[in-house]
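# Chain and residue survey
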Amino acid sequence: MILKNLITVSAFTALLFATSAFIYQDKVEKTAQQSTTENGFAVLELFTSEGCSSCPPADELMGKIEKEYKDEPVYLLSYHVDYWNRLGWKDRFSSAENSQRQQQYSRILNSQVYTPQLVVNGKTEFVGSDETNIKKTIREALFTSKKTNVSLLANVSQKEINVQYKTSATDPKNMLLVNLVEKHSSTQVGKGENEGRHLHHWQIVHKQNQISLNKQQEGTTTFQLPDGFSPENWEVIAFIQNPKTGEISGSAKTIFK
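In what follows, the accompanying structure is described. (Residues numbered from 1 in each chain as written. Predicted model: local features only at pLDDT ≥ 70, side-chain atom pairs only at ≥ 80, totals over all residues. Heavy atoms only, no water.)

### Regarding helix α4 (residues 131-144)
Across its 14 residues, α4 extends 20 Å between first and last C-alpha, which sits within 8% of the 20 Å expected from 1.5 Å per residue. Here α4 has its buried residues at I134, K135, T137, I138, A141 and L142. Burial along α4 is one-sided: seen end-on, the buried residues are contained in an arc of 160°. Relative to its buried face, α4 has exposed residues pointing more than 90 degrees away, namely T132 and T144. (Helix = DSSP H or I, 4+ residues; strand = E, 2+ residues; numbered from the N terminus. Expected span 1.5 Å × (residues − 1). Buried < 20%, exposed > 50% of the residue type's maximum accessible area, 1.4 Å probe, protein only. Arc of directions from axis to C-beta.)

### A few points about the pairing of strand β7 (residues 175-188)
Most of β7 sits out of view: ten of its 14 residues are buried. In this structure, β7 lies alongside strand β10 (residues 234-241), joined through eight bridges in antiparallel fashion. Considered in β10, the bridge of L180 is made with V236. (Pairing = 2+ DSSP bridges.)

### As for the sheet that holds strand β9 (residues 218-224)
What the three strands build is an open sheet, ordered β5-β6-β9; its pairing is antiparallel. Strands with a single pairing partner mark the edges of an open sheet, and in this sheet they are β5 (150-156) and β9. Ignoring strand direction, the axes of neighbouring strands in this sheet form an average angle of 20°. With seven bridges connecting them, β5 and strand β6 (residues 160-167) associate as antiparallel partners. Among the inter-strand pairings, L153 is bridged to a residue of β6, identified as Q164. (Axes fitted to C-alpha atoms, helices over the stretch in contact; angles between N-to-C directions.)

Below, the structure written as structure tokens:
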């Protein structure tokens, strides 16, 4: 009888412990999810080129991350630089402005200029195809960064896109960078290091409007409507950045309906 009672007590204790552990774990997970939703975010800026043979894996990884983190506050931007164009293939998505942005990061982060390069929240840079490091940095950003609120509303007319923005940012040194982004496109490369390859690209920045938050925290900025515009394949991503330190303090995106 004593042995039976001891077994019963032990079984009950084990069940109680398991139930408590499950409740605790569930509470931790819900707290973490709430923290991520309310505070954390990650802005990933990839510097890439169709003329660079090392870039396609990084481009493909952007597509993979976009799919895996579609329900998380993770914002992806691909800047195609123009300095690879001299090797015989002109990247149709490239621009001098994108190359200048990368050079700005080189000065701020004391890093080299190379492709593929990825910068997270304006503070950390590494090789853009390093999946393990990228995902680790995303997780850290989602649970440690503090987000300043940004709201966006985009309207499309026959010739232009008007984006209304509003933010609670109060630091006059900050800029609001509003980006017109094509979600996916592809190119059959005819020359250069990737000659003969059909390359896919995700989250391509076509234009970036920079707005000083020195005097006002709300307003409207305009983009010219791209050729062949299809609302379901475009979005607007905006983020707040200190141009001297590179630090990004808030971000948001909106789609076209």
